[in-house]
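Chain by chain, the residues run as shown.
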Amino acid sequence: MYAVFKRELFSLLNSLMAYITIGVFLLVSGLLLWFFPDTSILEYGYAEMNGFFSLVPFLFMFLIPAMTMRSFAEERREGTYVLLASRPLTDWQILLAKYFACLILVLLALLPTLLYYYTIVQLGMPRGNIDGAAVAGSYIGLSLLGGAFAAIGIFASSITKNQVIAFAVAVFLSFIAYSGFDALAKIFALGMLEDVFVWLSVNEHFQSMSRGVLDTRDLAYFISFILLFLGATKLVIGGRKW
């Protein structure tokens with residue numbers, strides 16, 4: 001499993017697409033956080049990163065599917081999965097190796113953004129005037145959100161051999177999971193279904209963690225969400241004759 005994980009990770013790191021997507025992510029988030037007048041924290045005047053954390057999930061909807069779209073789709077297109085499956089590895093080991101490689105890349109994309117936090121700490125009046133617990137909770141939430149979107153991307157890549165289709169399906173499913181249930185909750189406002197859709201919304205649990213309070217219900221939700229899509233991927237690759 002480690003050999004497959006290492007191969008997959010180095011394959012992603014050697015891919016120009018990975019550097020382009022991470023570069024675009026950092027560029028857009030940096031411009032919106034520091035330069036564009038409507039979203040600039042310098043114009044806003046408060047030492048907080050709420051604007052950044054509300055923006056990143058929408059960037060993740062495109063960043064992560066671009067990273068995961070080749071995971072199984074490329075194996076299907078080139079016919080190399082048969083060789084991989086002939087190794088003494090289970091479907092779960094292959095699946096988890098690919099998933100963790102994509103997840104590590106997502107975390108590497110988030111790592112440079114810690115510089116934003118350090119900069120705001122230094123600019124605060126007085127210095128350090130920022131809610132560190134809320135920032136820590138938001139970063140944990142972003143990591144879990146990235147894991148959830150990566151699971152969706154892996155699943156989308158397993159159902160097709162076309163990377164563009166895998167990308168489009170992953171973006172659509174990520175958008176529905178993050179914003180779609182919120183919209184449905186508003187449609188069924190004041191009804192019993194409202195609470196159901198609110199609980200199903202990824203955004204609701206992410207916002208809960210962004211307040212700096214780590215609730216076990218939110219952790220259980222994200223873990224269950226990830227396992228659901230990884231399990232669906234296992235069913236797809238396990239039931240297919242490659």
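Our subject is the structure listed above.
Computed from a predicted structure; not experimentally measured.

(A) How the structure looks around the packing of helix α12 (residues 202-210) against helix α13 (residues 216-238). Between α12 and α13, the shortest axis-to-axis distance is 10 Å and the interhelical angle comes to 140°. Comparing their axes, α13 and α12 come out oblique. You can see that α12 and α13 cross each other, and the crossing is left-handed. Here α12 contributes V202, H205, F206, S208 and M209 to the contact with α13, which in turn contributes R217, D218, L219, Y221, F222 and F225. Residues that form the contact of α12 with α13 fall into these classes: seven nonpolar, two polar and two charged.

(B) A look at the nonpolar core. By size, the foremost hydrophobic cluster in this structure holds 63 residues, and its most contacted members are M49, F60 and F222. Discounting residues that sit within four places of it in the chain, M49 has contacts with Y116, Y117, I120, I130, V135 and Y139.

(C) Geometry of the environment of W199. Structurally, the position occupied by W199 is in helix α11 (residues 192-200). Taking the C-alpha atoms as reference points, W199 and G137, 62 residues apart in sequence, are found 19 Å from one another. With residues up to four places along the chain from it excluded, the contact list for W199 reads H205 and Y221.

(D) Highlighting the pattern of salt bridges. A full pass over the atoms with the stated rule returns four salt bridges. Residue E8 is joined to R7 by a salt bridge in which the shortest nitrogen-to-oxygen separation is 3.4 Å. Note on R7: relative accessible area 40%, which makes it partly exposed. Residue E8 is classed as buried on the basis of its relative accessible area of 4%. Salt bridges sharing common partners tie together R7, E8, R70 and K98.

(E) Region of interest: α12. With seven of nine residues buried, α12 is to be regarded as a mostly interior element. Restricting attention to buried positions, one finds in α12 the residues V202, N203, H205, F206, S208, M209 and S210. At its buried positions, α12 is contacted by α4 (50-68), α9 (132-158), α10 (163-187), α11 and α13. Its side-chain oxygen 3.2 Å from the backbone nitrogen of N203, S201 forms the N-cap of α12.

Parameters and conventions
Position numbers for residues start from 1 in each chain and track the written sequence from start to end. The model is predicted, so local features are restricted to residues of pLDDT at least 70 and side-chain atom pairs to those at 80 or more, both for listing and for counting; the totals for chains, interfaces and linings are taken over all residues. Hydrogens and water are ignored here; the side-chain numbers use all heavy atoms of the structure. Only C-alpha atoms enter the line fits that serve as axes; for helices the fit covers just the stretch in contact. Angles between N-to-C directions range over 0 to 180 degrees. Only runs of H or I of at least four residues qualify as helices and only runs of E of at least two qualify as strands under DSSP, and these elements are numbered from the N terminus. Note that the term roughly parallel is reserved for angles under 35 degrees, roughly antiparallel for angles over 145, roughly perpendicular for angles of 65 to 115, and oblique for everything else. Here is the rule for handedness: rotate from the far helix to the near one, and if that takes an anticlockwise turn smaller than a right angle the crossing is left-handed, while a clockwise turn gives right-handed. We call two residues in contact whenever any of their non-hydrogen atoms come within 4.5 Å of each other. Under the convention adopted here, Pro, Cys and the residues Ala, Val, Leu, Ile, Met, Phe, Trp and Tyr are nonpolar, Asp, Glu, Lys and Arg are charged, and Gly plus all remaining residues are polar. The term nonpolar core refers to a set of buried residues drawn from Ala, Val, Leu, Ile, Met, Phe, Trp, Tyr and Cys, joined through side-chain atoms within 4.5 Å. The cut-offs for exposure are 20% and 50% of the maximum accessible area for each residue type, with area from a 1.4 Å probe on protein chains only; residues under the lower value are buried, those over the upper are exposed, and the others partly exposed. The term salt bridge refers to a side-chain nitrogen of Lys or Arg lying within 4 Å of a carboxyl oxygen of Asp or Glu. As used in this structure description, the phrase polar contact means that two N or O atoms lie within 3.5 Å; if the pair is within protein, one of them must be able to donate a hydrogen and the other to accept it, and residues adjacent in sequence are counted only when both atoms belong to side chains.

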